[in-house]
Amino acid sequence: MVKEQKEKLVVIGNGMAGCRAVEEILARDPERYDIVIFGAEPRVNYNRIMLSPVLAGDKTFDEIVINDEAWYADNGIELVSGDSVIAIDREGKELRSRSGRTESYDRLLIATGSDPFIIPVPGHDLPGVITFRDLDDVEKMLAAAERGGEAVVIGGGLLGLEAAHGLFLRGMEVTVLHLMPTLMERQLDEAAGFLLKTELENRGQTILTGADTAEIVGESHVEAVKLKDGTEIPADIVVMAVGIRPNVRLALEAGLEVGRGIVVDDDMRTRDPSIFAVGECVEHRGLVYGLVAPLWEMCKALADGCTTGATGYRGSVTSTKLKVSGIDLFSAGDFSGGEDCEDVVMRDAARGIYKRVVLKQDRIVGAVLYGDTADGNWYFDLMRQEEDVSDIREAIIFGQAFASGGGALADPNAAVAALSDDAEICGCNGVSKGSIVSAILDGSGTLDAVRGCTKASASCGSCTNLVEGLLTITLGEDYSGEREVKPMCGCTSFTHEDARRLILEKELKEIPAVMQELHWTTPDGCSSCRPALNYYLLCAWPDEHKEDPQSRFVNERLHANIQKDGSYSVVPRMWGGITNPRELRAIADVVEKYDAGMVKVTGGQRLDIFGIQKEDLPAVWADLNAAGMVSGHAYGKALRTVKTCVGSDWCRFGTQDSTGLGIKMERMSWGSWMPHKFKIAVSGCPRNCAEATIKDFGIVCVDSGYELMVGGNGGIHLRGTDLLCKVETEGEALEFCAAFIQLYREEARYLDRTAPWIERVGLDYVKQRIVEDAEGRSALRDRFLHAQTFLQKDPWAERVAGAEAHLHQHLAEIRPFAAVGAE
Amino acid sequence: MDANWLDIGPVDQLPALGARTLPVQGGQEIALFRTANGKVFALHNKCPHKQGPLSQGIVHDTTVTCPLHNWRISLLTGEAQGEDKGCVPTIPVKVDGGRIFIARAEALAGAR
């Protein structure tokens, strides 16, 4: 049988545009072309816009790969990587690569992207001057960050700021030089630029605006950057992120029409009918794009034209988000203002929020959001649809929920439902609402399935809520609402919940037994599942559990907190934050005797002694024990501290004895291991000096009793507590607290704080178990107190008495020419 | 006694899946590891990343996870695993008659 001769499509560029174009073509007609892709980088296709999270350490390279080697093989695509194309022969319809390879084509697609622009100041070619374009650049930056020192980033645009953020997180001193007076001036107005600058400066970066680089100074490597005003900034590396320019060399040499980019028509065709171009290297209707969204639209138009029939690309309206964690920033369209433009602005200085929507003839033409970007998609959609917004103008700045009449409580799913079908949901991968909905209707019924099928929310994840909203709207009752729960770790396919349930059902009592019974795929687990299993076992079998020190993180194994230099910090318990001269003297003596580097008052009202060597720990503990102090468990997934205010004993506002109650709570709950650290506070009145409303369990005393608050967190994600209930007596407060802790101990996943746990199971569930079910509450309390009879032993005293002594001693010591060994 | 190997003590002083330290006067402190199946390995006690004490990490299979930032280091080669890049020197070590022996030259390398 003679194989039908297919047309041959050759793609120059294995980047986001080239591969996306191929994907779009394959989705329409997988049999149409024989495909060859040339890539200059020696690796598979990855999501270039996710390089910033890789630099910042939020992602690994594997996580940003779009198409792995299997994809090329499965689709019969030949990938020529690490070999760049150097010439196109349009007459002979053939191209030549650096290695000397020739390849003929029927259709050619140029997707060569862009090159970073390097300002030609003296010294720009010194070693240590890096651009930010591909993985090699990221690796260079990581290597530099490893050595530490100072980094200067030239360019305060999107890319420059993301590079600066990554290097800063990696421990470098960072200075950003920006020529213009406002950061990201093409995307931000002055007000938002100022908020951004202030925030970055508060984090510790130095931002110089209006900074014009004169030269890069250095002998054999960069040493400093000199500005035109004479300022010199020392630098171990210089990252040049001033912009990009389309890579048009091949097209130019081949005689194609080139303006700022390779000129294409609406079908992405160049002046040569068999040559096409997409991405950052093209100029379409006079515009060149440097963002990812237009690229998706170009690839669709190209694929339509190459397969089913031309639909045409009409240019893109673009929006921008900054990928710097903790900073929410959105910008779209034109906000330069003008005579016929009107501004609607909202500022909330306390919350650091700034929103500006620019209207022209009752239509949105631009939007800048800082601090709260939830409505970015909505404004962007209204802008692209050119909707008349005069009806909702008065409320438009308050966002979709409010403007649509629902007030702040409006159903968030309604917001997603109101978006048009071609509204973009996932900016990282260019997925529209319409394609997500059709994937769901085609059978992708879970978040993971949608991610697998469309890639929506599979990169930075910020649109996960929107995708889940679409699942809910599209499937209604059929959507379980719960994303597929992930396995504990790579060693097993069981989830945390499965493992806990099976430990009880099968009466598994030791880690090796769990791994055997549950078919662990690794011989002895990993550093993530072993501590989890150790906790689940000790929680399930308090009477019988045998500790496995090798499955404890170092801090819990050594009962102290490891510091970056390998020394430890030691926090003795001070019940309720109360201390006395004897304890203070003992602490002072320890600090002097063991030459501790620092003593610090902690946020939990304790004293933290820094710089103790592991060999000295038992002696330090012995001294502290002698003064009546025990371990403060500041190192553990355990009850940390009970913070109190002075209460009715001293304070003229105090309503109850908050100090006394705090001490009782701490006496009851110290020593208990938990899924994660657990903090308690008792405030004597609603002024709340003990900050009880950001603790895992907080009590706010009032005249008539005690308000019990749960699920607070003062960490990365600030969360105020929820009111569990109000009780009248101290005894009840203690009972509810014990029951709550036990419910958390028995049901939360290891390393879940109470805040995410409550958000997952819902406050109503916790109320039902603790407040409504009196019998269940008392059983939980009893189980907690039973477990405590085994756990309330001071680990320090045990070590002082000689337990696990090997952990604190060297095995032996080598002196040159002699070894002094253990017995 | 072989002059090329130093006896540094009985192997039962090293817990399975655990580690202990071996300071070298004037040189690099060494960490000794024992895997679940009883094999013993020796590495410099310094993570290539930020010099974390590898001896305090969790040992699993033939890997130790650094206690500071969770880099995984191969006990066989000293190489960082996964995406991380870096390498810590390994020192030859053997168990004979229930005692641990470490290669003298490598253990003393750099010691003054």
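Quick caveat: nothing in here was measured; it's all calculated off a predicted structure. (Residues numbered from 1 in each chain as written. Chains lettered and ligands numbered in written order. Predicted model: local features only at pLDDT ≥ 70, side-chain atom pairs only at ≥ 80, totals over all residues. Heavy atoms only, no water.)

Draft legend 1. Layout of the interface of chain A and chain B. If you look at the interface, chain A gives 39 residues, while chain B gives 41 residues. Between chain A and chain B, a total of about 3,100 Å² is buried, with carbon and sulfur atoms accounting for 58% of that surface. The largest per-residue losses of area from chain A upon contact with chain B belong to Q550, L811 and I814 of chain A, which jointly make up 24% of the total buried on that side. For the interface between chain A and chain B, the tally reads zero salt bridges. Broken down by secondary-structure element, the contributors of at least two residues to the side of chain A that touches chain B are α3 (61-64), α18 (529-540), α19 (554-558) and β39 (813-815) of chain A. (Contact = heavy atoms within 4.5 Å. Buried area = accessible area lost by both parts, 1.4 Å probe. Salt bridge = Lys/Arg side-chain N within 4 Å of Asp/Glu carboxyl O. Helix = DSSP H or I, 4+ residues; strand = E, 2+ residues; numbered from the N terminus.)

Draft legend 2. Inspection of the sheet that holds strand β12 (residues 150-154) of chain A at higher detail. Residues and elements named next belong to chain A. Strand order in the open sheet made by the five strands is β11-β18-β12-β13-β14, with parallel pairing throughout. Each end of this open sheet is capped by a strand with a single partner; those strands are β11 (129-131) and β14 (206-209). On average, each strand axis in the sheet is tilted by 20 degrees relative to the strand beside it, whichever way the strands run. Where β12 and strand β18 (residues 237-240) come together, four bridges link them in parallel fashion. The residue of β18 that forms the bridge with A151 is I237. Contacts from helix α5 (residues 135-147) reach β11 and β18 within the one sheet, and its direction differs from that of β11 by about 140 degrees. (Pairing = 2+ DSSP bridges. Axes fitted to C-alpha atoms, helices over the stretch in contact; angles between N-to-C directions.)

Draft legend 3. Here's a closer look at the environment of E386 of chain A. When you line up the elements, E386 of chain A lands in the loop between α10 (376-385) and α11 (400-403). Its relative accessible area of 56% is what places E386 of chain A among the exposed residues. (Buried < 20%, exposed > 50% of the residue type's maximum accessible area, 1.4 Å probe, protein only.)

Draft legend 4. Spatial organisation of the state of the cysteines. Residues and elements named next belong to chain A. Within this structure, the stated rule accounts for zero disulfides over all chains. With no disulfide of its own, C701 lies 7.0 Å from the sulfur of C645, the closest cysteine sulfur. A relative accessible area of 0% places C701 in the buried class. (Disulfide = S-S within 2.5 Å.)

Draft legend 5. Region of the structure containing the pattern of salt bridges. Residue and element names in this part refer to chain A. On inspection of all chains with the given rule, the structure shows 47 salt bridges over all chains. The shortest N-O distance in the salt bridge between R760 and D752 comes to 2.8 Å. Linked by salt bridges that have partners in common, K8, E78, R101 and E103 make up one network.

Draft legend 6. Representation of the packing of aromatic side chains. All names here are of chain A. Taken as a whole and assessed by the stated rule, the structure comprises 13 aromatic pairs over all chains. Centre to centre, the rings of W621 and W796 are 5.5 Å apart; their planes meet at 10 degrees, and the pair counts as stacked. Here the residue W621 occupies a position in helix α21 (residues 617-626), and W796 occupies one in helix α28 (residues 795-800), the gap between them amounting to 175 residues. Take W621 and W796: they sit in the same class, and that class is buried. Ring geometry for F740 and W757: centres 5.9 Å apart, planes at 55 degrees, overall tilted. In this pair, F740 sits in helix α24 (residues 730-747) while W757 sits in helix α25 (residues 754-761), placing the two residues 17 residues apart along the sequence. F740 gets classed as buried once you look at its relative accessible area, which sits at 0%. Through a chain of ring-to-ring contacts, three or more aromatic side chains come together here, namely F678, F697, F740, Y744 and W757. Seen from the ring of W575, R573 lies directly overhead, with NZ or CZ sitting 5.7 Å from the centre. Of note, R687 hangs over the ring of F653, and the distance from its end group to the ring centre comes to 3.7 Å. (Phe/Tyr/Trp six-rings, centres within 6.5 Å; stacked < 30°, edge-to-face > 60°. Lys NZ or Arg CZ within 6 Å of the ring centre and 35° of its normal.)

Draft legend 7. Seen up close, the domain arrangement of chain A. All names here are of chain A. Considered domain by domain, chain A is made up of domain 1 (7-114 + 246-306), domain 2 (118-242), domain 3 (496-552), domain 4 (555-636) and domain 5 (639-791). Centre-to-centre separation of domain 1 and domain 2, based on C-alpha positions: 30 Å. On the domain 2 side, the residues contacting the 14 residues of domain 1 number 16 residues. For the domain 1 face of the interface with domain 2, the top three residues by lost area are L51, S52 and L55, together amounting to 43%. At the boundary of domain 1 and domain 2, one finds two salt bridges. For R43, the salt bridge goes to D136, with nearest N and O atoms at 2.8 Å. Linking domain 1 with domain 2 are eight residue pairs in polar contact (both at pLDDT 80 or more), by the criterion used here. When residues in the side of domain 1 that touches domain 2 are grouped by element, the largest group, five residues, is from helix α2 (residues 51-56). Class assignment of the residues belonging to the side of domain 1 that touches domain 2 gives a composition of seven nonpolar, three polar and four charged. (Domains from an automatic or database assignment. Polar contact = N/O pair within 3.5 Å; in protein donor to acceptor, adjacent residues only side chain to side chain. Nonpolar A, V, L, I, M, F, W, Y, C, P; charged D, E, K, R; others polar.)

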